[in-house]
Amino acid sequence: MNKQTEPFMSLTLPGTGEAGKPQPHESAILHVTGEATYTDDILELQGTLHAALGLSQKAHAKVTSIELSKVKAAPGVVAVYTATDIPGENQCGAIIHDDPVLADGLVQYVGQPMFVVVADSHDNARRAARLAVVAYEELPALLTPRAAHTAQSYVLPPMHLTRGDPAAALAQAPHKFAGQLDVGGQEQFYLEGQISYAIPKEGRGMHVYCSTQHPSEMQHHIAHVLKLAAHDVLVECRRMGGGFGGKESQSALWACAAAVAAARLRRPVKLRADRDDDMLVTGKRHCFAYDYEIGYDDTGRIVAARIDMITRAGFSADLSGPVATRAVCHFDNAYYLSDVDIHAMCGKTNTQSNTAFRGFGGPQGAIAIEYILDEIARNLGKDALEVRRANFYGASDDVGPQARNVTHYGQKVEDNVIVALVDELEQSSQYQQRRAEIAAFNASNVILKKGLALTPVKFGISFNVPHLNQAGALVHVYTDGSVLVNHGGTEMGQGLNTKVAQVVAQVFGLALEQVRCSATDTSKIANTSATAASTGSDLNGKAAQDAALQIRHRLLPVAAKHFACAVDNICFANGMVTDGNATLPFGELVMQAYMQRIQLWSDGFYSTPRVHWDSKSMTGHPFFYFAYGAAVAEVVIDTLTGEWRLLRADALYDAGDSLNPAIDIGQIEGGFIQGMGWLTTEELWWNQHGKLMTHAPSTYKIPAVSDCPQDFRVQLFKNSNVADTIHRSKATGEPPLLLPFSVFFALRDAISAVGLHRINPPLRAPATSEAILDAIEAVQTAMACAPVTH
């Protein structure tokens, strides 16, 4: 923050202002009336053409020939472009240059784009793209993470983190066991698919409207493929119809393909993906395979842990490295690990290149430790909540070797509220009472079994790559007192623009309707970071506040002169400026400042303090703070069919001093249901030839309204962030996705009841009805083989 603005942080009246109010989303009315403009809604310019991609039909093969004459002769086709037609670099890899825009002689997954068809209509382009005749020389394909691991096939070198002496601790542990777990990936399934609309401008300029979480990265990629400077490319995004990480790096292919076609033809070109093509081309949440060895004591406390995490990276690196890093950093979840050895491998497979998805590896890291603790509890005949409590991090103010408040990567947990939060949820959810009721229900029911679980969340907030933790903003105050804000974050339905507008309104003491956020635009805020890692409000809110405070600082002497008082007496509130006696409308003060030639616009900047990370040793202070939460889920399963229902869910979440409780609760509810889908119904399935068969809503099942619990209780935990975040708030984007761990472990608890809780059910995720039946059968078999005890 600009130091000259720091003394003026509190010049609003106590109890006034927009920050902290449960305001509706700034585009809510536009959403429900259909007036909100998405990229495909932008009025098309005269001469606009439409593009489609020609996709590979093989998982791994050399392309020996490609015949495009039928494509070119198809109705409405204007042009067809291949890799050789790209003016610059044929690359759109997020970090490593291993991801071509168009395959050139080698295809590495079914669905990889090979050429671009440009036609007079969307349908004509798609039909023509199917007419290519391609000859392949097939090569061996790796399709699963375990197969990639066996073949030592990785997109990046393996990662390794160790603390203490895990081998010795494991050898000396009173109890130990080894196991495996497989957790599937997840399609982002944004309502608005991938789309870019490229418009050539004068000279070599290119204006691209793109549904993306990262306009600056799109600008860089487009510049590289067109062999232009960054200043020749403008990328704009007013809003997305969902992103969930799938539009962080992978919108680049669509933006680059559209831009190449537009540049070659000097005509506007729109590339809009059909849902099937979108799902076949783009990467998803990484699926993980785990192999682990655990040592623990009689209380269930872990004394040693060794785990191998193997991800399905896909054919290229994309963001797999940072995803695996975050998984390693979240293996602890809310628990102290004294002696731990973690290996993470990014398996190279002949499938879509997997990418960011809400949580960004954090959920995959944390679910492993929860599965392990659930296993320990059943081994000891204890309630899993008791075992979880035994492993919680210690108090933040504890010191000494027994403090138990430093993570396995070396960061001290300075704001640990998990014990108090879980205690509150245990009481409010009537956990113990319901546990007894469920035991009675299961004892009297053979077919239907109920399960209950309470799971916690500790989630680190910041980009693991320190330099990404920065943001910029512009604030303009007009002479009528209205305010326009532009910042580097992108709006994807999460309410970022609403929160940023609330922050700026708070600075000036204005009503929210006096402030508006404009479209994200690389010609206004340069070198932005992706709207990701749950940092959108933290970064852009602080940057916008900085800009607004500078303007207010300039207005203070004008107000003091008007009131003939000291600057310290001036307050901004309720659309007025006051010295405590007289008042002046904000707009009139602004006009006075304009007449006195005072600058009424400003840029703002913010960089997150204290974050650092050593990628070689995998140690540091990668997170500015932690967000906490916990949830209780109660389910019932039909042991004959594997069908199940979530009967009730209770969630308690630490949003700090919430910037907008209404939006935050909505984010928590949405994250819960989305995470529940990942762990229960959303199964990705590739056939033996490497083709993704679940590439449409007909075969890929996201949760529906009927899957939501009729009894869904979400509350915010009262807690002010100890870190100096924007108005002491906390992020609500990604951490809530871990709350439905409670659903998965409630299902496992219900299955366990089939075996009187003596057998650990081998339940995989997603816990589809088939997976539930497989686990039930395994429990029943184990019970039948178990020795009879009296």
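Computed from a predicted model, the values in this text were never measured in an experiment.

1. Re the overall build of the chain
Secondary structure assignment for the chain yields 19 helices and 29 strands. The C-alpha radius of gyration of the chain comes to 28 Å, within 12% of the 28 Å expected for a compact globule of 790 residues. Once the C-alpha set of the chain is aligned to its principal axes, its extents read approximately 95 × 75 × 45 Å. Relative to its full complement of 790 residues, the chain shows a buried share of 62%. In the chain, the proportion of contacts linking residues at least 24 apart, taken out of those at least 6 apart, comes to 80%. Charge centroids of the chain, computed over 64 positive and 81 negative side chains, lie 2 Å from each other.

2. Some thoughts on a nonpolar patch on the surface
Judged by side-chain polarity, Val446, Ile447, Leu448 and Leu640 come together as a nonpolar surface patch covering roughly 380 Å² of accessible area. Here Val446 lies in the loop between helix 13 (431–443) and strand 16 (448–461). Of the residues examined, Val446 reaches a relative accessible area of 68% and is grouped as exposed.

3. Some remarks on empty space enclosed by the protein
Counting across every chain of the model gives five cavities of 30 Å³ or more. In this structure, the largest cavity occupies an estimated 120 Å³ of space. Along its surface, the largest cavity is lined by Cys92, Ala94, Asp99, Tyr109, Ser249, Gln250, Leu253, Val281, Thr282, Phe315, Asp318 and Ser353. Of the residues assigned to the lining of the largest cavity, the class counts are six nonpolar, four polar and two charged.

4. Remarks on the packing of helix 10 (residues 362–380) against helix 11 (residues 384–391)
Remark: helix 10 packs on helix 11, axes separated minimally by 8 Å, with the N-to-C direction vectors making an angle of 120 degrees. The orientation of helix 10 with respect to helix 11, classified from their angle, is oblique. Where helix 10 crosses over helix 11, the handedness of that crossing is right-handed. Seen from helix 10, the contacting residues are Glu370, Leu373, Asp374, Ile376 and Ala377; seen from helix 11, they are Ala384, Val387, Arg388 and Asn391.

5. What about the confidence of the model for the chain?
The pLDDT averaged across the chain works out to 96; a share of 98% of its residues lies at or above 70. The low-confidence segment residues 1–10 (pLDDT under 50) makes 23 contacts with residues lying over four places distant or belonging to another chain.

6. Some points on the nonpolar core
Generally speaking, nonpolar side chains in soluble globular proteins are found buried as a group. If you look at the biggest cluster of nonpolar residues, it comprises 154 residues, and the most contacted ones within it are Tyr290, Phe331 and Phe508. Sorting elements by how many residues they give to this core places helix 15 (residues 536–563) first, with twelve residues. The residues contacting Tyr290, other than those within four sequence positions of it, are Arg146, Gly179, Gln180, Leu181, Val183, Ile307, Asp308, Met309, Gln364, Gly365, Ile367 and Ala368.

7. Description of the packing of aromatic side chains
The description of an aromatic ring pair rests on the distance of the ring centres and on the angle between the ring planes. Within this structure, the stated rule accounts for 18 aromatic pairs. Their ring planes at 70 degrees and their centres at 5.9 Å tell us that Phe177 and Tyr296 sit as a pair that is edge-to-face. Of this pair, Phe177 sits in strand 8 (residues 175–183) while Tyr296 sits in strand 13 (residues 288–296), and the two are 119 residues apart along the sequence. When its relative accessible area of 5% is taken as the criterion, Tyr296 is described as buried. Here the aromatic rings of Phe572 and Phe586 are separated by 6.4 Å at their centres, their planes lie at 65 degrees, and the arrangement is edge-to-face. Of the two residues, Phe572 sits in strand 21 (residues 571–573) while Phe586 sits in helix 16 (residues 586–595), which places them 14 residues apart along the sequence. An identical accessibility class is assigned to Phe572 and Phe586; each is buried.

8. Focus: helix 12 (residues 418–428)
Along helix 12, the residues that are buried comprise Ile418, Leu421, Val422, Leu425 and Glu426. Down the axis of helix 12, the buried set is contained in an arc of 135 degrees. They therefore lie on one face. Where helix 12 is buried, its residues meet helix 11, helix 13, strand 16, strand 27 (625–638) and strand 28 (644–653). Backbone geometry just downstream of helix 12 places Gln430 in the positive-phi region, at approximately 55 degrees.

9. Observations regarding the pairing of strand 3 (residues 77–81)
Most of strand 3 sits inside the fold, with four of its five residues counted as buried. Where strand 3 meets strand 5 (residues 113–119), four bridges bridge the pair, whose relative direction is antiparallel. In the sheet register, Val80 faces strand 5, and the bridge partner there is Val117.

10. Let's talk about the sheet that holds strand 6 (residues 133–138)
Spatial strand order, 4-2-6: three strands in an open sheet with antiparallel pairing. Here the strands that pair on one side only, and so sit at the sheet edges, are strand 4 (106–107) and strand 6. Judged from the six bridges that link them, strand 2 (residues 61–67) and strand 6 form a sheet pairing that is antiparallel. Each bridged residue has a counterpart across the sheet, and for Val63 the counterpart in strand 6 is Tyr136.

11. Here we look at the packing of helix 10 against helix 18 (residues 741–754)
When two helices pack together, their arrangement is given by the angle between the helix axes and the distance between those axes. Viewed as axis vectors pointing N to C, helix 10 and helix 18 meet at an angle of 30 degrees, and their least axial separation amounts to 11 Å. In terms of axis orientation, helix 10 runs roughly parallel to helix 18. In the crossing of helix 10 with helix 18, the sense of the turn from one axis to the other is right-handed. Contacts between helix 10 and helix 18 pair Pro363, Ala366, Ile367, Glu370, Tyr371, Asp374, Glu375 and Arg378 from the former with Phe741, Phe744, Phe745, Arg748, Asp749 and Ser752 from the latter. For the contact of helix 10 with helix 18, the per-class residue count stands at seven nonpolar, one polar and six charged.

Calculation notes
Residues numbered from 1 in each chain as written. Predicted model: local features only at pLDDT ≥ 70, side-chain atom pairs only at ≥ 80, totals over all residues. Heavy atoms only, no water. Helix = DSSP H or I, 4+ residues; strand = E, 2+ residues; numbered from the N terminus. Rg over C-alpha atoms; globule rule 2.2 N^0.38 Å. Buried < 20%, exposed > 50% of the residue type's maximum accessible area, 1.4 Å probe, protein only. Contact = heavy atoms within 4.5 Å. Lys, Arg positive; Asp, Glu negative; His and termini not counted. Charge placed at Lys NZ, Arg CZ, Asp CG, Glu CD. Patch = residues over 30% accessible without salt bridge, like charges linked within 9 Å, V, L, I, M, F, W, Y side chains within 5 Å. Areas by Shrake-Rupley, 256 points an atom, 1.4 Å probe, with all protein chains shown as cover. Salt bridge = Lys/Arg side-chain N within 4 Å of Asp/Glu carboxyl O. 1 Å grid on protein atoms, 1.4 Å probe; cavity = no way out; pocket = protein on both sides within 12 Å on 5 of 7 lines; lining within 4 Å. Points joined across faces, edges and corners; volume = space filled by probe spheres on them. Nonpolar A, V, L, I, M, F, W, Y, C, P; charged D, E, K, R; others polar. Axes fitted to C-alpha atoms, helices over the stretch in contact; angles between N-to-C directions. Parallel < 35°, antiparallel > 145°, perpendicular 65-115°, else oblique. Left-handed = near helix turned anticlockwise from the far one by under 90°. pLDDT = per-residue confidence, 0-100. Core = buried A, V, L, I, M, F, W, Y, C linked by side-chain atoms within 4.5 Å. Phe/Tyr/Trp six-rings, centres within 6.5 Å; stacked < 30°, edge-to-face > 60°. Arc of directions from axis to C-beta. Pairing = 2+ DSSP bridges.

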